[in-house]
Amino acid sequence: MGSPIAMTRPDPTPILELRNLEVCFDTRAGIVRGLRGVSFALEPGKTLALVGESGSGKSVTASAVMGLIQLPGAITGGDILWKGESLLGRAGARRAARLRGKQMSMVFQDPMTSLDPLMSIGAHLVEVQRRHLGLSRRAAAARGAELLDAVGITDPARRMGQHPHELSGGMRQRVMIALAIACEPELLIADEPTTALDVTIQAQVLDLLADLQRDMGLSILLITHDLGVVAGLCEEVAVMYAGEIVETGAADDLFGRARHPYTQGLVRATPRLTDRSERLVSIDGAPPGLLDPPSGCAFAPRCPQTTGACAARPPLRAAPGGHGAHACWNARPAAWEPAARPVQKASFA
Amino acid sequence: MAQFLIRRALQGMLVILGVTLVVFVATRMVGDPVQMMLPLSASAEQRAAFSQQLGLDQPLGTQFLAFVGDLLRFDFGDSLWQRRPAIEIVLTKLPRTLELIAAGFGFAVILGVPLGALAAMRPDGLWDRIIVSLSLIGLSVPQFWLGLILVMVFAVGLGLFPTSGSGSLSHLVLPALTLGIPSMARIMMLTRSSVIAELNQQYVRTARARGLPFAHILFGHAMRNALVPVLTLAGWEVISAWAGYTVVVETVFAWPGLGMTAMGAINHSDMFLLQAIVFVVALGIVLVSLLLDLLYKLIDPRIDLA
Ligand SMILES: Nc1ncnc2c1ncn2[C@@H]1O[C@H](COP(=O)(O)OP(=O)(O)OP(=O)(O)O)[C@@H](O)[C@H]1O
Ligand code: SF4
Ligand SMILES: [Mg+2]
């Protein structure tokens, strides 16, 4: 199966590549087509943002990569490649089991419920290190305290003995990050890691991720709603809509050079912190249901540029002469002035 | 912690005092022991003398104070029925009942918890269906009837165990099963639903994302969390067996424990013996619930004992 997109330069093998990934949920109401062909590639040491409206399939994508899709869901097509090797099928599943928690790890959205309430912070840290690094209890505890220190938790020795309910949300998310990096992974998937946190804490956690990436050479798949975060933290962006990728490209290009009408709408809908007077523009309408997805372009009912061609499903094609790809028959530069990048950039640089 | 223990001890004493007060009043309404104990031909003087000997001629208040005073020395007076110290009878019967409860309840927990967890691993799977059906049967059968069926099948029919009495391990099997089966069914159902709920928690997903094997997540995380509600039920099972179900079972199997003795005491209007039994039962309930609170604290750090 050839890669349907040419967005990656030929140089390094991507650490993670999705090819036309499909996931279905066999529910009572019928088959929900959660992912309908998702393709993107993440190069080593880079950060790729996965953005899109609620329900577009971002979390399902992350779960699929982590091997966490559970019944009634199943991967029904496509492939997931780790450094060029499939993680699907029998041999692939064994490979994935070896990677999970060690070479690739994940931080979830809700830090309040992500820790076992009956176990101390230290016990969580010891558990994962004993499992994957074969450390002794004592060595794991010592290293656990260092990890807490590394993610910016003060008084780590005391925190090791505390239980999750004794920590604030921001603290818990730092603990989750410490757990995720405990075995020095190469890939970190962060599914809206800051959504549940206070605004000030959000920035701190994102700073922490940026620091870790720099210090550890992590590759990060960052799922977010927040285009400001994308601009600040990410090199690449993949935009999801109704279970598929509609545009990929460099984060630097996103704000000025988005080609897909949906991406353009998203950018316009992002409030710019510089200019409070500017009105928030949102995209009218709602995405189609995935129980019975349309056969043509899924964005058509909301798209200002629809033509007859849009009754057929547009494939994800490399943008002519550029770095990136989009799935739109009538792609063209945005009809508005290229916007200045949101100012949040500064705080993560 | 110490503060908690002291407070609970005081509460416990209040409970016991309240219970004994109720029993004190109730036993004096069950029937007149003087009537029961003396032959019909006894003269009025003889009756008065006997009444005086028991202290029943005193005003109720005085009787109660004397009763509480004796109570503190574990002196419940002599049984009217068996003519020896009531507490002595209780202490000889107590081990029999404890043995029955330990066997029945041990059976219920040792089978109920693992089977419940097994069912939870694959809801609607084959094991789940079998286990749930069996526990529904166990839940819907009245205890005395269960006892009779067990006797008919295993004692009368197959001759595997004695029909009644005590003294050996094989005597214990059927009464313990009769006591334990309904408990086991309840514990199994609750363990099942509780483990299913825990396995759907976010912390289980994150543990899976950390690459921990399923068995480790089940036994190391989900089961422990699931046991918090199961512990509540288990405590209730022990208490209700201790305070009532053993009477049924001991009666069906002529098991010489506290339950049978209580029935005897009631039949003989033996208020002193009955008071001693009720006191010991109340004390047991208080101790079990204290033990439960301590266990909660041991399992769940969020529980604040203060
Ligand atoms: N267990 C499930 N059963 C049925 N459908 C599911 C299940 N999980 C996800 N889906 C479907 O998959 C689609 C994508 O869900 P997903 O959680 O990935 O969205 P998301 O992009 O992460 O949204 P959000 O921004 O709200 O987190 C949803 O429309 C949902 O209907
Ligand atoms: S393919 Fe057509 S409907 Fe779809 S986004 Fe492009 S112009 Fe709009
Ligand atoms: Mg999501």
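Because the structure is a prediction, the values reported are computed rather than measured.

1. Considering the UniProt feature "domain: ABC transmembrane type-1" (unreviewed entry) in chain B
Summarizing the sequence annotation, UniProt attributes the feature "domain: ABC transmembrane type-1" (unreviewed entry) to residues 94–296 of chain B in the numbering used throughout. The annotated region residues 94–296 of chain B carries 85% helix and 0% strand content, and the separation between its end C-alpha atoms amounts to 27 Å.

2. Topic: the UniProt feature "transmembrane region" (unreviewed entry) in chain B
All names here are of chain B. Mapped onto the present numbering, the UniProt feature "transmembrane region" (unreviewed entry) falls on residues 12–31, 100–120, 132–160, 172–191, 212–236, 242–260 and 272–292. Annotation note: span residues 172–191, helix share 100%, strand share 0%, distance between end C-alpha atoms 26 Å. From the first C-alpha to the last, residues 272–292 spans 30 Å; its make-up is 100% helix and 0% strand.

3. Quick word on the packing of aromatic side chains
Residue and element names in this part refer to chain A. What the rule picks out here adds up to 3 aromatic pairs over all chains. Aromatic pair Tyr241 and Tyr262: ring centres 4.6 Å apart, planes at 55°, arrangement tilted. In this pair, Tyr241 is assigned in strand β9 (residues 236–241) and Tyr262 in helix α10 (residues 261–269), connecting sequence segments 21 residues apart. Given a relative accessible area of 0%, Tyr262 falls into the buried group. Ring geometry for Tyr241 and Phe299: centres 5.2 Å apart, planes at 85°, overall edge-to-face.

4. A word on the site of ligand 2
Close to ligand 2 lie 13 residues, the nearest being Cys297, Cys303, Cys310, Cys328 and Trp329 of chain A. Within the shell around ligand 2, the residues separate by chemical class into 9 nonpolar, 4 polar and no charged.

5. Considerations on the sheet that holds strand β4 (residues 73–82) of chain A
Remark on secondary structure: sheet strands pair via backbone hydrogen bonds, oriented parallel or antiparallel. Residue and element names in this part refer to chain A. Spatially, β2-β1-β4-β5 is the arrangement adopted by the 4 strands of the open sheet, whose pairing is antiparallel. Two strands in the sheet have a free side with no partner beyond their single neighbour: β2 (30–42) and β5 (85–86). Inspection of the sheet shows β4 paired to β5 by 2 bridges, in the antiparallel sense. Its bridge partner being in β5, Trp82 is matched across the sheet by Glu85. Running over the sheet, helix α1 (residues 58–66) touches β1 (16–27), β2 and β4 and is turned about 110° from β1.

Parameters and conventions
Residues numbered from 1 in each chain as written. Chains lettered and ligands numbered in written order. Predicted model: local features only at pLDDT ≥ 70, side-chain atom pairs only at ≥ 80, totals over all residues. Heavy atoms only, no water. UniProt positions renumbered as here; feature names shortened; annotations may be inferred. Helix = DSSP H or I, 4+ residues; strand = E, 2+ residues; numbered from the N terminus. Phe/Tyr/Trp six-rings, centres within 6.5 Å; stacked < 30°, edge-to-face > 60°. Buried < 20%, exposed > 50% of the residue type's maximum accessible area, 1.4 Å probe, protein only. Near = heavy atom within 4 Å. Nonpolar A, V, L, I, M, F, W, Y, C, P; charged D, E, K, R; others polar. Pairing = 2+ DSSP bridges. Contact = heavy atoms within 4.5 Å. Axes fitted to C-alpha atoms, helices over the stretch in contact; angles between N-to-C directions.

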